[in-house]
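Structural description and commentary
What follows is each chain in one-letter form.
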Amino acid sequence: DVKVTQSSRYLVKRTGEKVFLECVQDMDHENMFWYRQDPGLGLRLIYFSYDVKMKEKGDIPEGYSVSREKKERFSLILESASTNQTSMYLCASSTGRLSNNGYTFGSGTRLTVV
Amino acid sequence: GIQVEQSPPDLILQEGANSTLRCNFSDSVNNLQWFHQNPWGQLINLFYIPSGTKQNGRLSATTVATERYSLLYISSSQTTDSGVYFCAVEENNTDKLIFGTGTRLQVFP
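All of these numbers come straight from a predicted model, not from anything done at the bench.

Thresholds applied
- Residues numbered from 1 in each chain as written.
- Chains lettered and ligands numbered in written order.
- Predicted model: local features only at pLDDT ≥ 70, side-chain atom pairs only at ≥ 80, totals over all residues.
- Heavy atoms only, no water.
- Helix = DSSP H or I, 4+ residues; strand = E, 2+ residues; numbered from the N terminus.
- Rg over C-alpha atoms; globule rule 2.2 N^0.38 Å.
- Contact = heavy atoms within 4.5 Å.
- Areas by Shrake-Rupley, 256 points an atom, 1.4 Å probe, with all protein chains shown as cover.
- Lys, Arg positive; Asp, Glu negative; His and termini not counted.
- Charge placed at Lys NZ, Arg CZ, Asp CG, Glu CD.
- Phe/Tyr/Trp six-rings, centres within 6.5 Å; stacked < 30°, edge-to-face > 60°.
- Buried < 20%, exposed > 50% of the residue type's maximum accessible area, 1.4 Å probe, protein only.
- Core = buried A, V, L, I, M, F, W, Y, C linked by side-chain atoms within 4.5 Å.

Section: the overall build of chain B
- Scanning chain B for helices and strands turns up zero helices and eleven strands.
- Starting at the N terminus and walking to the C terminus, you meet the elements of chain B as β-β-β-β-β-β-β-β-β-β-β.
- For chain B, whose C-alpha radius of gyration is 13 Å, the value lies close to the compact-globule estimate of 13 Å for 109 residues.
- Across its three principal directions, the C-alpha atoms of chain B cover 40 × 25 × 20 Å.
- Sequence separation of at least 24 residues holds for 55% of the intrachain contacts in chain B that already meet a minimum separation of 6.
- Looking at chain B as shown, the accessible area adds up to about 5100 Å², and 46% of this sits on carbon and sulfur atoms.
- Within chain B, one finds 6 positive and 9 negative side-chain charges whose respective centroids are separated by 2 Å.

Concerning the packing of aromatic side chains
- One pass over the structure, following the stated rule, counts twelve aromatic pairs over all chains.
- Between A:Tyr35 and A:Phe105, the aromatic rings sit 6.0 Å apart at their centres with planes inclined by 50°, giving tilted as the arrangement. Here A:Tyr35 is found in strand E5 (residues 31-38), whereas its partner A:Phe105 is found in strand E11 (residues 104-105), with 70 residues between them in sequence. Here A:Tyr35 matches A:Phe105 in class, with each residue buried.
- With a centroid separation of 5.5 Å and 40° between ring planes, the pair formed by B:Phe35 and B:Phe99 is classed as tilted. With a gap of 64 residues between them, B:Phe35 in strand E4 (residues 32-37) and B:Phe99 in strand E10 (residues 97-99) connect regions that are remote in the sequence.
- Owing to a relative accessible area of 8%, B:Phe99 belongs among the buried residues under this scheme.

With respect to the environment of A:Leu21
Residue and element names in this part refer to chain A.
- Mapped onto the fold, leucine 21 is located in strand E3 (residues 19-21).
- Classification of leucine 21 as buried rests on a relative accessible area of 2%.
- The spacing of leucine 21 and arginine 44 is 23 residues in sequence and 16 Å in space, taken between C-alpha atoms.

A short note on unusual backbone geometry
- Look at the link from B:Ser7 to B:Pro8: it is a cis peptide, with omega at -10°.
- You can see B:Pro8 is positioned in the loop between strand E1 (4-7) and strand E2 (10-14).
- Positioned with a positive phi, A:Asp28 is a non-glycine residue whose angle comes to about 60°.
- You can see A:Asp28 is positioned in the loop between strand E4 (23-25) and E5.
- The backbone of B:Arg68 shows a phi angle near 60°, a positive value even though the residue is not glycine.

A closer look at the nonpolar core
- Core analysis: the largest hydrophobic core is formed by 22 residues, its most contacted members being B:Leu21, B:Cys23, B:Leu32, B:Trp34, B:Leu72, B:Val89 and B:Leu105.
- Counting only elements with at least two residues in this core, the list comes to E2, strand E3 (19-25), E4, strand E7 (59-64), strand E8 (69-74), strand E9 (83-90) and strand E11 (103-108) of chain B.
- Among residues more than four places away in sequence, those in contact with B:Cys23 are B:Val4, B:Glu5, B:Gln6, B:Leu32, B:Trp34, B:Arg68, B:Tyr69, B:Ser70 and B:Cys87.
- In this structure, A:Leu21, A:Cys23, A:Leu76 and A:Leu78 belong to the second largest nonpolar core, which totals 20 residues.

Written as structure tokens, this is what we have:
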């Protein structure tokens with residue numbers, strides 16, 4: 001089975017800190033995605049990547065950046081954390097074209113910014 | 001961009017009951033998926049169903065692409081079915097999934 005691992009399950013950071021959220025997948029998937037989930041808003045796409053060193057903005061990229069130096073790893077960076085970035089962050093990966101396997105998600109990182 | 005709407009937003013059932021969840025989308029799509037998020041936050045892919053009907057145990061899904069909707073059926077619901085069900089569609093052959101706001105299902109014994 002494809003496994004997507006997020007480095008932290010819960011994280012508490014202070015306003016203004018630089019925050020790194022790490023995601024690693026083990027099935028050689030080309031595509032990786034970062035979403036945030038908030039009550040009543042569903043999942044919203046922050047950034048995604050189709051290949052190493054490639055990145056594309058999603059619907060809500062402001063305040064975030066990403067890094068994909070290796071195919072299996074996709075990092076989300078909060079340059080200067082703010083309280084409105086308190087949320088559940090979900091990483092996902094998929095093959096080059098959507099298939100019957102679809103997306104595989106990590107278990108999420110619940111970030112609290114105080 | 002494409003809009004995805006799910007209904008109902010909340011659903012409360014007693015164990016053994018059947019239910020139907022609906023997903024409407026605003027434009028033609030090549031791909032549609034249903035996910036279940038358990039109470040611990042893990043999202044699991046249930047169906048990849050851009051058109052037609054599929055069944056997996058007590059769950060089945062039907063997508064009528066020409067009318068821009070999909071239905072998820074849950075029969076003989078169990079407490080383990082509780083959680084949030086999301087519908088997601090692919091945007092313009094980009095491999096990007098756009099999610100609806102979900103249906104929160106609670107099944108009581």
